[in-house]
Amino acid sequence: MSEPLLKIRNLWIEGRSDETWNPIINGVDLDLNKGEVIGLIGESGAGKSTIGLASMGFTRDGVRISQGSVVFDGVDLVTASAADKRALLGKRIAYVAQSAAASFNPAHKLMDQHTEGPVQHSVSSKGESTEDGIELYRRLRLPNPEEIGFRYPHQVSGGQLQRAMTAMAMACRPDLIIFDEPTTALDVTTQIEVLASIRDIVEQFDTAAIYITHDLAVVAQMADKIKVLLKGDEVEEADTRTMLSQPKEEYTKSLWAVRSFERPAKPSVITGSTPVVSVKNVTAAYGTTDVLHDVSFDIHEGRTVAVVGESGSGKSTTARCITGLLPPRLGHIEFDGMQLPLDYRKRDKMQLRQAQMIYQMADTALNPRKTIGETIGRPVEFYLGLKGKEKRAKVDALLDEIELEPSQYRDRLPSELSGGQKQRIGIARALAAEPKFIICDEVTSALDQLVAEGILKLLAKLQDQLGLSYMFITHDLATVRAISDEVVVMKDGKVVEQGEKAEMFQPPHHPYTDLLLSSVPEMDPDWLDDLLKERGVDNIGDAAVDKM
Amino acid sequence: MTLFVVSVIIFVAVNALPGDFAEAILGQGATPEAVTAIREQLGLNQNALTRYFQWLSGALRGDLGVPLSQALFAGNFGATAVGTDVTTVVDQIIPRLKNTLFLAGVSAAISVPLAVTLGVLTALYRNTAFDKAMNVSTLSAISSPEFFIAYVLILFLAVLNPIFPSLSNIFPGMEFSERLTRTMLPALTLTLAVTAQMMRMTRAAIINLLASPYIEMARLKGLSPMRVIVKHALPNALAPIITVIALNLAFLVTGVVVVEVVFVYPGIGQLFVDSVKIRDIPVVQACCLIFAAVYILLNLTADILSIISNPRLRHPK
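Computed from a predicted model, the values in this text were never measured in an experiment. (Residues numbered from 1 in each chain as written. Chains lettered and ligands numbered in written order. Predicted model: local features only at pLDDT ≥ 70, side-chain atom pairs only at ≥ 80, totals over all residues.)

Q: So what exactly am I meant to see when it comes to the overall build of chain B here?
A: Counting its secondary structure elements, chain B contains 15 helices and 0 strands. Referenced to the eigenvectors of the C-alpha coordinate spread, the extents of chain B come out at roughly 85 × 60 × 35 Å. A burial count over chain B gives 37% of its 317 residues as buried. For chain B, restricting intrachain contacts to residue pairs at least 6 apart in sequence, the fraction spanning at least 24 positions comes to 72%. (Helix = DSSP H or I, 4+ residues; strand = E, 2+ residues; numbered from the N terminus. Buried ≥ 20, exposed ≤ 12 C-beta atoms within 10 Å, placed from the backbone. Contact = placed C-beta atoms within 7 Å.)

Structure representation (structure tokens):
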């Protein structure tokens, strides 16, 4: 067998924190042949992206390759000079970043950025490269391929940018592309289009690829073989089908098992009982544009209502209406049968206390300069009027409830916690007000599957103990399946379907619900092929959405 | 609106100056009667509010009044205070303002390109000896008082090596090259005073962006470091840089007082100092108003340029 295109041997990478170098990657090997796709999976912190960048001979600030070799087509990128590396980067090895929105330069048009690589590497002229770019946009099924390249990044949607970035990576027809979580930030329906586009183009040009993701179902569609990583160590590597059907290591099996968490169904609501929260015919507007149209649903005591939909469907806006941050233009909100003032400034402390929120980005929702004790203590004092010893006791009790040892965590700062722990603090802060109702806004979408599962279990436990009601905003249908009792599907500010979970996951569906459900990747490696066949290859994505 | 608030502040501040024109012009031996007579003649005995509105309504019509010194002179010859052959404040200020703007223009033409280039270079070679040397030298330049820098420049460029004249007494009708040579020393002094801030802001704004994903992307496309900074970082760093440049340009116009005095440059700064000395209030007020207007105008320009430099604001969705 011929020499592999990319050969990584005994790669050790260190990162600096507090003046010392700590290992991030501990001696990983990797072989990749021409035209082959390898999937790297693992939780955040496993070192997937670090390996991805290292295979381009690149490390971020504060990170260094301490040993090992990364040989690309005979050139060791670890020892190569900066100029030699630059000659390869962009031309023979290209990179597709996680967030296309952040990775396109906001100051230049898409096409100018697209042609920059070929022109700078003297592969082709600007004119040729522009024509080629339009052709690539067409193959990637971007709408208006002739015209879209001449827009600025902020004028193009996230899914389209991600495809434009794949096109940009293809501009010099590289031998290897690193895809770093290219679909993580996208909605399920958009994800499918991008996945299909990427796979087509990689096959057409026989490009080798490293596909980095934490989503097993996605990697199952994309990769020929899979490597599982845990904290910088390789757990195992096998070809995709073997890996999915017979994982050897315990850790791999645990990753596979996460998707099976599902809480038992609860008895249905007694008809005629008063809901805790009732959203009545709410229409709301930002400025003069209506973004919610006549939204109504009820949330009963001790139950979880999942609100699902793509970004821009009005999920979070509904939450803002309930909390009074955005007073609805028409309609109103009832709490325990009583009508609430529309504006939160007009609500009294008791009304405010009853509804609390947990946010998606625990990172930004916690004040970085306040200790955990202070953060949780603030609502304890504000709503319950507790001070001194009583307040401390309450804070400790809350930390116990979220399964963090009070003596250890009380005096820490948010920066000293992991993502999952921060989200737990967010939960404790919401619980501190002793509410009846909590809005969870995408609380698990920034977390790894194992950690997310822990959070979901904790929320379920608290609901059983305290009789809480949740409104659970999410775009992830696996989460919906795991935690909800009822489901509300939203699209373009309207409720398209709502009902008990069991009914919602059974056909017949509203066509949009059907599209959402069928777009959730499954662990079957043939899933994407089958789905595309079913929808008709030329009919994916935009076309499918347009039909509605 | 801003200018109106500023005009109130100027008026109050100027009137809070101890002593007035009458006392200043008559000197220590003045009799109370003489002082009162002059005050009455010039309308200085009216209450402040009345004088403010007279001044404001005049200013709105472009009439900034007559210098008190001229008015007194005219009064002695029996002419009315707003006589036709009297030099008005505007007449006095315009040529001076032109000179100051010329000086500011020369300084800006040197300092802005210099500062931005140095900023880009220090960002490119950050944390190297070059970067540190540039930072130390520009910072020492900004930390020294201007008159000190001015005299050091005179010593080296006029006395030891007579390249430029040490006195910048320019007058109308002078040839442009001659004018430029004479303006060079004060312009260099101002350049040294403003370069540091603009350079450091350019450097900081660029370095701030270097961690952003699109810069990483640009580097992963195999572009040269220079291209990454000039093509990818600089356009996005323009807004803060423009703001700082505007502030410094405003300083070039309004902060020239010391420099003009040192080099005997006939600009608005010198006029300002002379007028304060004799409490010639209309001139002082007019100068302050012009300084304020320059500040506001330049900041407005900066805001507009920032919008133009940002495609998000130029092409809304």
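So much for the structure itself; the text now carries on.
Q: Help me out: how do you make sense of the sheet that holds strand β12 (residues 289-299) of chain A in this one?
A: Either a parallel or an antiparallel arrangement is found when strands of a sheet pair, and the pairing is made through backbone hydrogen bonds. Residues and elements named next belong to chain A. What the 4 strands build is an open sheet, ordered β12-β11-β14-β15; its pairing is antiparallel. Edge positions in the sheet fall to β12 and β15 (338-339), since each has one partner strand and no second. Note that strand β11 (residues 277-286) and β12 share 7 bridges and pair antiparallel. From the neighbouring strand, V279 faces β12, where its bridge partner is F297. Here helix α12 (residues 315-323) sits on the sheet in contact with β11, β12 and β14 (330-335), set at roughly 110 degrees to β11. (Pairing = 2+ DSSP bridges. Axes fitted to C-alpha atoms, helices over the stretch in contact; angles between N-to-C directions.)

Q: Sorry, what's going on with the packing of helix α8 (residues 146-160) of chain B against helix α9 (residues 176-209) of chain B here?
A: The relative placement of two packed helices is expressed as an angle between their axes plus a distance between the axes. Residues and elements named next belong to chain B. One can describe the packing of α8 onto α9 by two numbers: an axis separation of 9 Å at closest approach and a directional angle of 130 degrees. What the angle tells us is that α8 and α9 run oblique. Handedness of the α8/α9 crossing: right-handed. In this structure, α8 contributes E146, I149, A150, L153, I154, L157 and A158 to the contact, and α9 contributes L185, L188, T189, L192 and A193. Broken down by class, the residue content of the contact of α8 with α9 amounts to 10 nonpolar, 1 polar and 1 charged. (Parallel < 35°, antiparallel > 145°, perpendicular 65-115°, else oblique. Left-handed = near helix turned anticlockwise from the far one by under 90°. Nonpolar A, V, L, I, M, F, W, Y, C, P; charged D, E, K, R; others polar.)

Q: Is there a simple way to explain the interface of chain B and chain A in this structure?
A: Interface size is often expressed as the accessible area that is lost when the parts come together. Taken together, the contact pairs 17 residues of chain B with 24 residues of chain A. With 5 residues, the top contributor of residues to the side of chain B that touches chain A is helix α10 (residues 213-220) of chain B. Its residues placed into classes, the side of chain B that touches chain A shows 8 nonpolar, 6 polar and 3 charged.

Q: Could you clarify how one ought to interpret the packing of helix α7 (residues 158-170) of chain A against helix α8 (residues 188-204) of chain A in this entry?
A: Residue and element names in this part refer to chain A. Here α7 crosses α8 at 10 degrees, and the two axes come no closer than 9 Å. Classified by the interaxial angle, the pair formed by α7 and α8 is roughly parallel. Where α7 crosses over α8, the handedness of that crossing is right-handed. Counting all contacts with α7, which are made through G159, Q162, R163, T166 and M170, the residues of α8 involved are T190, E193, V194, S197, I198 and I201.

Q: When you look at the environment of A:I201 in this model, what are you seeing that I'm missing?
A: Residue and element names in this part refer to chain A. Mapping I201 onto the fold places it in helix α8. Considering only alpha carbons, one finds I201 and S407, 206 residues apart in sequence, at a separation of 54 Å. Residues contacting I201, with those up to four places away along its chain left out, are R139, L140, T166 and M170.

Q: How do you make sense of the sheet that holds strand β2 (residues 20-32) of chain A when you look at a structure like this?
A: Residue and element names in this part refer to chain A. The sheet built from 4 strands is open, its strands ordered β2-β1-β4-β5 with antiparallel pairing. The sheet is open, and its two edges are formed by β2 and β5 (75-76), each paired on a single side. The pairing of strand β1 (residues 6-17) with β2 spans 10 bridges and is classified as antiparallel. Note on β2: the bridge partner recorded for E14 is P23.

Q: Hey, could you run me through the confidence of the model for chain B in this one?
A: Residues and elements named next belong to chain B. Averaged over chain B, the pLDDT score is 81; the fraction of residues at 70 or greater is 91%. Low pLDDT (under 50) marks residues 77-84, which in the prediction has 7 contacts with non-local residues, meaning those over four places away or in another chain. Here the prediction assigns the complex a pTM of 0.73, and the interface score ipTM is 0.71. (pLDDT = per-residue confidence, 0-100.)

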